[in-house]
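# Observations on the model geometry
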2 protein chains.
Amino acid sequence: MPSDLVAHGPSDSDPKAAYPQPSTARPAPRARTARAAEIIDAARTLLEDRGPRGLTMRKLADTVGIQAASLYKHLPSRRALEVALVEHGLDEIGSALHGVLAKSTADPIGALLDAYRSAGLANPQLYRLVTSGSFPRGQILEGLEAWAGEPFFLAAGDPHLAQALWSFAHGTLLLELDGRFLDGSDLDRTWQAGAEAFKAARRAIPRPSVR
Amino acid sequence: MPSDLVAHGPSDSDPKAAYPQPSTARPAPRARTARAAEIIDAARTLLEDRGPRGLTMRKLADTVGIQAASLYKHLPSRRALEVALVEHGLDEIGSALHGVLAKSTADPIGALLDAYRSAGLANPQLYRLVTSGSFPRGQILEGLEAWAGEPFFLAAGDPHLAQALWSFAHGTLLLELDGRFLDGSDLDRTWQAGAEAFKAARRAIPRPSVR
DNA sequence: CACATTCGGCTAACATTGTTAGCCTTCGGG
DNA sequence: CCCGAAGGCTAACAATGTTAGCCGAATGTG
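As the structure is a prediction and not an experimental result, all values here were calculated from the model. (Residues numbered from 1 in each chain as written. Chains lettered and ligands numbered in written order. Predicted model: local features only at pLDDT ≥ 70, side-chain atom pairs only at ≥ 80, totals over all residues. Heavy atoms only, no water.)

Let us now look at the protein's contact with DNA strand C. Lining the immediate environment of DNA strand C, one finds 17 residues, of which Tyr72(A), Arg78(A), Gln67(B), Lys73(B) and His74(B) sit closest. If you look at DNA strand C and keep only atoms within 4 Å of the protein, 40% of those are sugar or phosphate atoms. Here a phosphate oxygen of DNA strand C sits 3.2 Å away from a polar atom, N or O, in the side chain of Ser70(B). In the environment of DNA strand C, a base oxygen lies 2.3 Å from a nitrogen or oxygen atom belonging to the side chain of Lys73(B). When the residues that make up the surface near DNA strand C are grouped by side-chain class, the tally is six nonpolar, five polar and six charged. (Near = heavy atom within 4 Å. Polar contact = N/O pair within 3.5 Å; in protein donor to acceptor, adjacent residues only side chain to side chain. Nonpolar A, V, L, I, M, F, W, Y, C, P; charged D, E, K, R; others polar.)

Let us look at the protein's contact with DNA strand D. Inspection of the region around DNA strand D gives 17 residues, with Gln67(A), Lys73(A), His74(A), Arg58(B) and Arg78(B) positioned closest. Contact between DNA strand D and Tyr72(B): a phosphate oxygen at 2.9 Å from a side-chain N or O atom of the residue. A breakdown of the residues in the surface near DNA strand D according to their chemical character gives six nonpolar, five polar and six charged.

A few words now on the relation of the copies chain A and chain B. Superposition of chain A onto chain B requires a rotation of 180 degrees combined with a translation of 0.0 Å along the rotation axis, giving an RMSD of 0.0 Å. Seen this way, the second copy is the image of the first under a two-fold rotation axis. Of all interface residues in chain A, 100% are interface residues in chain B too; the two copies therefore contact each other through one and the same surface. (Least-squares fit on C-alpha atoms with pLDDT ≥ 70 in both. Contact = heavy atoms within 4.5 Å.)

Here we come to the side chain of Thr172(A). In this structure, Thr172(A) sits in helix α7 (residues 159–177). Thr172(A) gets classed as buried once you look at its relative accessible area, which sits at 0%. Among residues more than four places away in sequence, those in contact with Thr172(A) are Phe181(A), Thr190(A), Trp191(A) and Ser167(B). (Helix = DSSP H or I, 4+ residues; strand = E, 2+ residues; numbered from the N terminus. Buried < 20%, exposed > 50% of the residue type's maximum accessible area, 1.4 Å probe, protein only.)

Our next topic: the interface of chain A and chain B. Contact residues are listed per partner, giving 39 residues for chain A and 39 residues for chain B. For the chain A and chain B pair, buried surface summed over both sides reaches about 3,200 Å², with 57% attributable to carbon and sulfur atoms. Here chain A is connected to chain B by 16 residue pairs in polar contact (both at pLDDT 80 or more). Those elements that provide at least two residues to the side of chain A that touches chain B are α5 (124–131), α7 and α8 (185–204) of chain A. (Buried area = accessible area lost by both parts, 1.4 Å probe.)

In helix packing, the relevant descriptors are the interaxial angle and the interaxial distance, both defined with respect to the helix axes. All names here are of chain A. Orientation of α5 relative to α7, taken along the N-to-C sense of each, is 130 degrees, at an axis distance of 11 Å. Judged by the inter-axis angle, α5 sits oblique to α7. α5 and α7 meet at a crossing whose hand is left-handed. Of the residues in α7, those in contact with Pro 124, Tyr 127, Arg 128 and Thr 131 of α5 are His 170, Leu 173, Leu 174 and Leu 177. Tallied by class, residues from the contact of α5 with α7 come to five nonpolar, two polar and one charged. (Axes fitted to C-alpha atoms, helices over the stretch in contact; angles between N-to-C directions. Parallel < 35°, antiparallel > 145°, perpendicular 65-115°, else oblique. Left-handed = near helix turned anticlockwise from the far one by under 90°.)

All names here are of chain A. When the terminal C-alpha atoms of helix α1 (residues 34–50) are compared, their 24 Å separation across 17 residues agrees well with the 24 Å that a helix rising 1.5 Å per residue should span. Three or more residues of α1 are buried, namely Ala 36, Ile 39, Ile 40, Ala 42, Ala 43, Arg 44, Leu 46 and Leu 47. Remark: Gly 51 follows α1 within two positions and exhibits a positive phi of approximately 85 degrees. (Expected span 1.5 Å × (residues − 1).)

Our next topic: the pattern of salt bridges. Pairing of side chains with opposite charge becomes possible as their charged atoms draw close. What the rule picks out here adds up to 26 salt bridges over all chains. One salt bridge connects Glu176(A) with Arg117(A), and the closest N-O pair in it is separated by 3.0 Å. With Glu176(A) in helix α7 and Arg117(A) in helix α4 (residues 108–122), the pair connects residues that are 59 residues apart, well separated along the chain. Accessibility assignment for this pair places Glu176(A) and Arg117(A) in one class, buried. Among the salt bridges present, the one from Lys199(B) reaches Asp107(B), with a minimum N-O distance of 3.1 Å. With Lys199(B) in helix α8 (residues 184–204) and Asp107(B) in the loop between α3 (78–103) and α4 (108–122), this pair connects stretches of sequence that are 92 residues apart. (Salt bridge = Lys/Arg side-chain N within 4 Å of Asp/Glu carboxyl O.)

So, on to the side chain of Arg180(B). Within the fold, Arg180(B) resides in the loop between α7 (159–177) and α8. Of the side chains with opposite charge, Asp178(B) comes closest to the buried, unpaired Arg180(B), at an N-O distance of 4.5 Å. In terms of polar contacts, Arg180(B) uses its side chain to reach the backbone carbonyl oxygen of Val130(A), at 2.7 Å. Within the local environment of Arg180(B), its side chain forms a polar contact with the backbone oxygen of Thr131(A), the two atoms lying 3.3 Å apart. (Lys, Arg positive; Asp, Glu negative; His and termini not counted.)

Another point: helix α2 (residues 57–64) of chain B. Residues and elements named next belong to chain B. Of all the positions in α2, only Met 57, Leu 60, Ala 61 and Val 64 are classed as buried. One face of α2 carries all of its buried residues, which in axial projection span an arc of 100 degrees. Exposed and facing more than 90 degrees away from the buried side of α2 are Arg 58 and Asp 62. In the core, the buried residues of α2 are packed alongside α1 (34–50) and α3. Between the side-chain oxygen of the N-cap and the backbone nitrogen of Arg 58 there are 3.1 Å, and the N-cap of α2 in question is Thr 56. (Arc of directions from axis to C-beta.)

Right under this line is the structure:
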């Protein structure tokens, strides 16, 4: 979840500014030729099935029935391919998070964490790609990160708590995906322990006057 | 922070078991020839200075004044080199965490988070190497992970909260290292927001009777 | 002392990676 | 009808990890 996944208010310099940010708009997806879209799709399944090391230009070309060099008629570089995949991932995660917040009103933080976890577990490799390492922020569709991360702000009600909440979700998900914890039964409770902590912290925050 | 970084009690099946685990021992470092140690050292500075892509067998051989193929007289593979670096990293982080817990008694969670953050910021690439992706757990020195992660259990007082706390620290540190947040001033407050949440949760946990 | 063995260096090579250059066919629009 | 672009191909390059095989020097051991 790159950069300002956690969109926050007009900044600390103006704490009086409206809190529940006017909903960021999801930027329109990039225009692509049919062939390019097909390639990106193939790359995605290849990544998810064979892992990151299974996604090579030659193997990708193979599954598309083409020569590796010919890929460059559709995409400028492997990096660009990754950027496309990252945009896919951001779009899906953002949709999931926004969707769940739109419904559930009782326990937004719990619901948000669940949705985040599910999205990551559904596409582990893609999640890793989206959130691993520092990538060129300039290449990503303008506004996509902010839109995808907005739900954390909405659920937390405070920019700093929002970032902390996202950090917790990100860290826990990565550790779960990487199998760094012990057994499976603990994991639900680990998520829950964090959720409880953040819910309590949320309650301690002074309600933003919705003037 | 591989596997059971967060060591916890004898498991949930026996909640009555002694809580403050008998302090895990730091396993003795692996025996190495002087030359191997020198190479690993060079690899480490190379990694930290030039980044992960700057650490290649040939460049490493160059800085040591040797031919790439000759490296294999000292190390079986690049993977083994990485494992050695991971052990270094675990050792350092674990030392930092244990050290800080040994002193400060007033605010263990805050002190622990500070120490974790400092350790990571001091050696970003090494931290990423240690904690990124799933690696063969069997290769790591027996007990090293558990020892390095023990402080989280000690500070949190509950295995699930400990894992959640570690998750938060890990996620926040990664996002900070990768520059995924916005500006610098926010970061202290992000860490603090999380710290407060976990401290409150810690207080809510029933004191383990130290019988 | 002579001899064998191991240690630690070397060069050459291989397969695999991303990527570029250059050629050729096909097909739609002036 | 021709021209140019789209989109395929082969050949090649540099850099990656890694292996095979050679060789000199040190280090015991009979």
